[in-house]
There are 2 protein chains.
Amino acid sequence: MTREKLTLFDTTLRDGAQTTGVDFSLADKRHIAAMLDSLGLDYIEGGYPGANPLDTEFFSAKPKLRHARFAAFGMTKRAGRSAANDPGLATLLAADADVVTYVAKTWDYHVHVALGCTLEENIASITESIKAALGKPREAILDCEHFFDGFKANPDYALECAKAAYAAGARWIVLCDTNGGTLPHEIERIVTEVARQVPGSHLGVHAHNDTENAVANSLAAVRAGARQIQGSLNGLGERCGNANLVSLIPTLLLKPDFAENFEIGVPFEKLSSLAKISHTLDELLNRAPNRHAPYVGASAFATKAGIHASAVMKEPRTYEHVAPESVGNKRRLLVSDQAGKSNILSELERIGVRLDKDDRRVAHLLDEVKQKEALGYAYEGADASFELLARRALGEAPNYFEVERFRVNVERRHNAQGDLVTVSEATVKVCVDGETLISAAEGEGPVNALDLALRKDLGKYQCFIEDLELVDYRVRVFQGGTDAVTRVLIEFRDVTGESWSTVGVSANIIDASFQALTDAITYKLLKSGAQ
Amino acid sequence: MTREKLTLFDTTLRDGAQTTGVDFSLADKRHIAAMLDSLGLDYIEGGYPGANPLDTEFFSAKPKLRHARFAAFGMTKRAGRSAANDPGLATLLAADADVVTYVAKTWDYHVHVALGCTLEENIASITESIKAALGKPREAILDCEHFFDGFKANPDYALECAKAAYAAGARWIVLCDTNGGTLPHEIERIVTEVARQVPGSHLGVHAHNDTENAVANSLAAVRAGARQIQGSLNGLGERCGNANLVSLIPTLLLKPDFAENFEIGVPFEKLSSLAKISHTLDELLNRAPNRHAPYVGASAFATKAGIHASAVMKEPRTYEHVAPESVGNKRRLLVSDQAGKSNILSELERIGVRLDKDDRRVAHLLDEVKQKEALGYAYEGADASFELLARRALGEAPNYFEVERFRVNVERRHNAQGDLVTVSEATVKVCVDGETLISAAEGEGPVNALDLALRKDLGKYQCFIEDLELVDYRVRVFQGGTDAVTRVLIEFRDVTGESWSTVGVSANIIDASFQALTDAITYKLLKSGAQ
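Think of each chain on its own: its residues are numbered from 1, step by step along the sequence as written. Going through the entries in the order they are written, you letter the chains from A and number the ligands from 1. In keeping with the predicted nature of the model, local features appear solely for residues at pLDDT of at least 70, side-chain atom pairs appear and are counted solely at 80 or more, and the whole-chain, interface and lining totals rest on all residues.

## A short note on helix α7 (residues 155-168) of chain A
Residues and elements named next belong to chain A.
- Numbering of helices and strands starts at the N terminus; helices are DSSP runs of H or I of at least 4 residues and strands are runs of E of at least 2. To estimate how far a helix should reach, multiply one less than its number of residues by 1.5 Å. Between its first and last C-alpha, α7 extends 20 Å over 14 residues, near the 20 Å set by a 1.5 Å rise per residue.
- Remark: residues whose backbone-derived C-beta atoms lie within 7 Å of one another are considered to be in contact. Elements that come into contact with the buried residues of α7 comprise β5 (99-105), α5 (119-135), β6 (139-145), α6 (147-153), β7 (172-176) and α8 (184-194).
- Looking at the residues trailing α7, positive phi occurs at G169, about 110°.

Below, the structure is given as structure tokens:
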């Protein structure tokens, strides 16, 4: 049986950037684009060049993508001026992208009220803007804003917009449920009607989650003939978010009614990276991942101990709708210590240590990890700290140096010129191989000062750490309040390009940072074979 | 037109109690039952008497309910013994409840593997258990476990179970998608088939959110003929949760295709209490409400984009799928990087300032917000800092106090007992009304020490800030590296229960925290009318 191609279009970096509280940096955008590309998505919409300095910069040179086409979002030309003479359109077409996604009004009411032009002028804007894109050349996509409300109010006009875009050469005409109020049975009915006039192979759907139906609406549109789904990672997006691709992708790949009929760009073997990608996005946003997220949440395959526990163990496939491993997740049976041990064993194997599961050191290490995690440590994002913990338990990690004391001072005062300045200074007293060394440094803040002082003079080990570069520093506070527990994650890199992450936890952010910093330095000495 | 009755069955206190991390007290259960009853739900399932001491106690005397029927959950009698001679069944029937909800296996495979009895014995257990309940007298409901998987594997047997329950006198036969893997189009097809054999007015649906389709699955079942929906508040429930009644209820009451055809127990005038009920449940569970929750989330009616904002103000009904007030929520126009004048104007209006959009102070404030946001400030989550910015621009915020200098010191050293300890201390020199005050404090960390020192003595203003309580402290670092920009968000509360959030941004985390702390104190003085 031949399967039809179903195209996935990601808008995490555009509509997702509209999420309240989401504020991507340029580095975030590049990182996320690379993740989406590695997953195998067909289109990545990077933002709205010209709307803000960040997006304009992101589109000054398109990211290197192996698979996905890179799309710039913007409005069709204004009525009353030519495409050649519209500065917004010029900026959009100048953006370094493969594709232009135009948004246009398709609800007659909005054309009148928001645009203040005639219905014909709006159609002309659609047609001319698409032709302008094709002339660059760019692929053109039309996002039909408020399509479903527009269709209910004036089906002829909404259809006329879609048909005009198709006739002008748009590759995709995307039906947007802009305010998210349309229900699945309505989506199915309306898309079916549209597909009689515009080929389904050119129709897409852009759903919002305002009635908690964005995923169902996307599936309903596909069943009615649409062949492109727009969505975002973790359902980011304005208000209640967009259709969640992290939920849709496994459904499309694993549920027979879709998997047998459609082919998507995400290969089956990439599916197991999905949980990690979802959690990485949360990390970038400094958010706690949703434990209850479909497919990828920590609780998605959790079974509480109870009367059916043994049956679940006997034949998990009849209790789980998909295999947790298929999406990179795992089964959690809260009664089982065995799961913990096999986790530890597989982590040890990853760092090249092979132990028998009955080795007492495995149980010992498992206990230690559990204790640490109860305190707030998280080793999923701190591979180097886990390796140090393991090597210490195995007696394989020397104490290269001992910090006897440190002091960090932050002072805000008027300087000689009368300006208010803040000065951060740290002193570290460290003992290396019997030798006591004291170093001091100023920094941009207390942690920067501490980091610089700590790495200033490690005696005979100094040569091993000269090439260290701090690349990331993240803080999460638990339970609220400055006196709550603080978790710090730090990532370092060296000239080989290898990077590693460490974790520190304390009520005191300086202490937590210090733990992560010393772990990072110790890890570097260990991997350098320092003696 | 006469509308058909659609029954709502809440399982927050039973299936919702299975949620990872949820641990209701008896007081919580009583409180939640009262809320559900006041909302107008038809059934409240209180728990599983006999399964744990809490539920047994909850069912020793049923809560006073004005509207809802109170249901006890449990298993049908075991095979191989009579209903009269089954202790589990006896406990269930002794519970003080109006209704018994039996769960029974309807997937032939599970009957064999998990129960280890014959298919006929399982049917007999269903029939006899229902008759035992009716004899008490109790109303009887059958939850058909794994019904959809069972139906796919052996439709005849799954149907036979449902028909036996109906024949025995069960008021409702509830089709459960126990592992949550069934998709909406399958639900619609299978419920349609079942409704040919058991009247739809006796059929219910119990959906789980494992593919993010629990709400859509519930709606699909109703469209196929089922007349009872089981769900929970905020979608609590095992793994990914149950169908979210907080999303379903407004859809059923406000969307014409459902509202015109069905009548539910929740009266329209109760709908505006929905946001509050949803947030109260989160408070009981000590969880932060989901900002992006459909209908009731803080962002559910928030608009960030400047281009949309002016149109939304003009005619909100065409941009909002329902009126925010109808569910007890409100419209928010966010001040953000993409802000336009309309957002600023509506935010000003919220704080009681009405300016003309051509007032030069509006343009000035917009410029200032944009500049600040370019530096990393984010006012969406810092309403108090925005208000201060606005009032300063309008010349309405006095400089109550001036911090001349501060110093924060963190020291890690060995104490007299030889233990490593970390001590944090801060000194603040502040000028209030010509008077210079110096305060010092120790804290759990540098920010805690600074906060305590700052609030120790503000001279004549001290009486206004005695009741301040820090409730949240969040840190985000941009661009990676300890010398990158740090954004701090702080939330304070006072005895009135009002809380407010402030933001600070700097390369130095102490400086950023200091800004947010002083903003928070200044805001409190402003709102107290301090002179």
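From this point, the narrative continues.
## Considerations on the sheet that holds strand β17 (residues 486-493) of chain A
Residues and elements named next belong to chain A.
- Only strands joined by at least two bridges in the DSSP assignment are considered to pair. Judged by pairing direction, the sheet is antiparallel, and its three strands sit side by side in the order β16-β17-β18 without closing on themselves. Of all strands in the sheet, those with a lone pairing partner are β16 (469-477) and β18 (499-506), marking the two edges. Within the sheet, the average angular offset between the axes of one strand and its neighbour, ignoring direction, is 15°.
- Across eight bridges, the pairing between β16 and β17 is antiparallel. Following the sheet pairing, V477 is matched in β17 by T486. Here an angle of 0 to 180 degrees is reported between the N-to-C directions of two axes, which are lines fitted to C-alpha atoms, with helices fitted over the stretch in contact.

## Notes on the interface of chain A and chain B
- Contacts between the two partners involve 90 residues from chain A, matched on the other side by 92 residues from chain B.
- The greatest single-element share of the side of chain A that touches chain B, amounting to nine residues, is contributed by strand β13 (residues 402-414) of chain A.
- When the residues that make up the side of chain A that touches chain B are grouped by side-chain class, the tally is 32 nonpolar, 34 polar and 24 charged.
- Across seven bridges, β13 of chain A lies against strand β13 (residues 402-414) of chain B in antiparallel orientation. Each bridged residue has a counterpart across the sheet, and for F406 of chain A the counterpart in β13 of chain B is R412 of chain B. Residues are grouped as follows: nonpolar covers Ala, Val, Leu, Ile, Met, Phe, Trp, Tyr, Cys and Pro; charged covers Asp, Glu, Lys and Arg; every other residue, Gly included, is treated as polar.

## Some details on unusual backbone geometry
Residues and elements named next belong to chain A.
- Omega for the bond connecting K136 with P137 falls within 30 degrees of zero, at 0°, which places this linkage in the cis form.
- Looking at the element boundaries, P137 is found in the loop between α5 and β6.
- With a phi close to 65°, E212 is a non-glycine residue in the positive phi region.
- With respect to the secondary-structure elements, E212 resides in the loop between β8 (203-206) and α9 (214-223).
- Labels follow a simple rule on C-beta atoms placed from the backbone: if 20 or more others lie within 10 Å of a residue's own, it is buried; if 12 or fewer, it is exposed; otherwise it is partly exposed. Residue class for E212 comes out buried when judged on the 26 C-beta atoms lying within 10 Å of it.

## Looking at helix α19 (residues 509-527) of chain A
Residues and elements named next belong to chain A.
- In this model, α19 (19 residues) spans 27 Å end to end at C-alpha, consistent with the 27 Å of a helix rising 1.5 Å per residue.
- Among the 19 residues that make up α19, 14 are buried, leaving the element largely enclosed by the rest of the structure.
- Just downstream of α19 lies G529, where phi reads positive at about 70°.

## Focus: the domain arrangement of chain A
- Where each domain begins and ends is defined by an automated method or by a domain database. Split by domain assignment, chain A resolves into domain 1 (4-266) and domain 2 (402-527).
- Between the C-alpha centres of domain 1 of chain A and domain 2 of chain A there is a distance of 45 Å.

## Section: the sheet that holds strand β6 (residues 139-145) of chain B
Residues and elements named next belong to chain B.
- Within the closed barrel, the eight strands sit side by side as β2-β3-β4-β5-β6-β7-β8-β9. Their pairing is parallel. Within this sheet the neighbouring strands show an average axis-to-axis angle of 25°, counted without direction.
- Relative to strand β9 (residues 228-231), strand β2 (residues 7-10) runs parallel, the two being bridged by four bridges. Pairing of D10 across the sheet is with G231, part of β9.

## Quick look at the nonpolar core
- Judged by nonpolar contacts, the single largest core of 202 residues is most densely connected at L142 of chain A together with L142 of chain B.
- The contacts of L142 of chain B, once residues within four sequence positions are left out, are Y102, A104, I126, I130, A165, A170, I173 and V174 of chain B.
- Each nonpolar core reported here comprises buried Ala, Val, Leu, Ile, Met, Phe, Trp, Tyr and Cys residues connected via C-beta atoms within 7 Å. Counting residues in each nonpolar core, the second largest holds 93 residues, with A426 and A520 of chain A together with A382 and A512 of chain B among its members.

## Remarks on the packing of helix α15 (residues 360-375) of chain A against helix α16 (residues 383-393) of chain A
All names here are of chain A.
- Running from N to C, α15 and α16 cross one another at 135°; their axes reach a closest spacing of 10 Å. By the angle class used here, α15 and α16 are oblique. Like other packed secondary-structure pairs, α15 and α16 cross with a definite hand, here right-handed. Across the interface between the two elements, R361, H364, L365, E368 and V369 from α15 touch L389, A390 and A393 from α16.
- Residue classes in the contact of α15 with α16 are distributed as five nonpolar, one polar and two charged. Reported orientations rely on four angle classes, namely roughly parallel under 35 degrees, roughly antiparallel over 145, roughly perpendicular from 65 to 115, and oblique for the rest. By convention the crossing between two helices is left-handed if the near helix lies anticlockwise of the far one by an angle smaller than a right angle, and right-handed if it lies clockwise.

## Re the pairing of strand β5 (residues 99-105) of chain B
Residues and elements named next belong to chain B.
- The buried fraction of β5 amounts to six of the seven residues, a majority that puts the element mostly inside the structure.
- As paired elements, strand β4 (residues 69-75) and β5 share five bridges and run parallel to each other. Of the residues in β5, the one forming a bridge with G74 is Y102.
- Sheet topology places β5 next to β6; seven bridges connect them, and they run parallel. Looking across to β6, one finds that V100 is bridged to A140.

## Let's talk about the packing of helix α14 (residues 341-350) of chain B against helix α15 (residues 360-375) of chain B
All names here are of chain B.
- Direction vectors running N to C along α14 and α15 enclose 105°, while the axes themselves pass 10 Å from each other. By the angle between their directions, the pair α14 and α15 is classed as roughly perpendicular. Contacts between α14 and α15 pair K341, I344 and L345 from the former with V362, L365, L366 and V369 from the latter.
- Its residues assigned to classes, the contact of α14 with α15 comprises six nonpolar, no polar and one charged.

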